[in-house]
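If you want the building blocks of each chain, they are given just below.
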Amino acid sequence: MLGCDDFTMIDGSTRCIHHPDRPAYARCMSCDKHFCQACVTTWEGIFYCAECLAAKREASVETIPIFGWVMVTVLVIGLWITNAIGRSALAMLLGGILG
């Protein structure tokens, strides 16, 4: 993918899709359209137009991973059950030895 570090200027005949009077500065890596310097920005080192960048940012919003919460709950319940069983087994063992 074309990023900021390996960017090469687009030839002077290519024009911005929004501003035909301006030369294209970069190509959006998502929609592959050409844009002037005012219409393109970088995110994580890659050029994007405003529309694609908004969509990418929206898609990257972190959500609470339900799977993670389920696994933590199962782990806590498992440890609680193991602890309860362990105490019962220890009490039975000690009762047999001491009893």
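All of the points below concern the structure found in this document. (Residues numbered from 1 in each chain as written. Predicted model: local features only at pLDDT ≥ 70, side-chain atom pairs only at ≥ 80, totals over all residues. Heavy atoms only, no water.)

**Re the overall build of the protein**
For clarity, the cut-off: Helix and strand definitions here come from DSSP, where helices need a minimum of 4 consecutive H or I residues and strands a minimum of 2 consecutive E residues; each element is numbered from the N-terminal end. When accessible area is computed with a 1.4 Å probe and restricted to protein chains, residues below 20% of their type maximum are described as buried, those above 50% as exposed, and intermediate ones as partly exposed. Contacts are assigned to residue pairs that have any heavy atoms within 4.5 Å of one another.
Secondary structure assignment for the protein yields 2 helices and 4 strands. Listing every helix and strand of the protein by position from the N terminus yields β-β-β-β-α-α. Split into buried and exposed, the 99 residues of the protein put 19% on the buried side. Within the protein, counting contacts between residues at least 6 apart in sequence, those at least 24 apart form 17% of the total.

**Description of the pairing of strand S4 (residues 46–49)**
Quick note on the threshold: DSSP-based pairing: two strands are paired if at least 2 bridges between them are found.
Residues Ile46 and Tyr48 point to one face of S4 and Phe47 and Cys49 to the other, with burial holding for every one of them. The pairing of strand S3 (residues 40–43) with S4 spans 4 bridges and is antiparallel. Pairing of Thr41 across the sheet is with Tyr48, part of S4. Counting the residues in the hairpin turn of S3 and S4 gives 2 residues, including Glu44, whose phi is positive at 55°.

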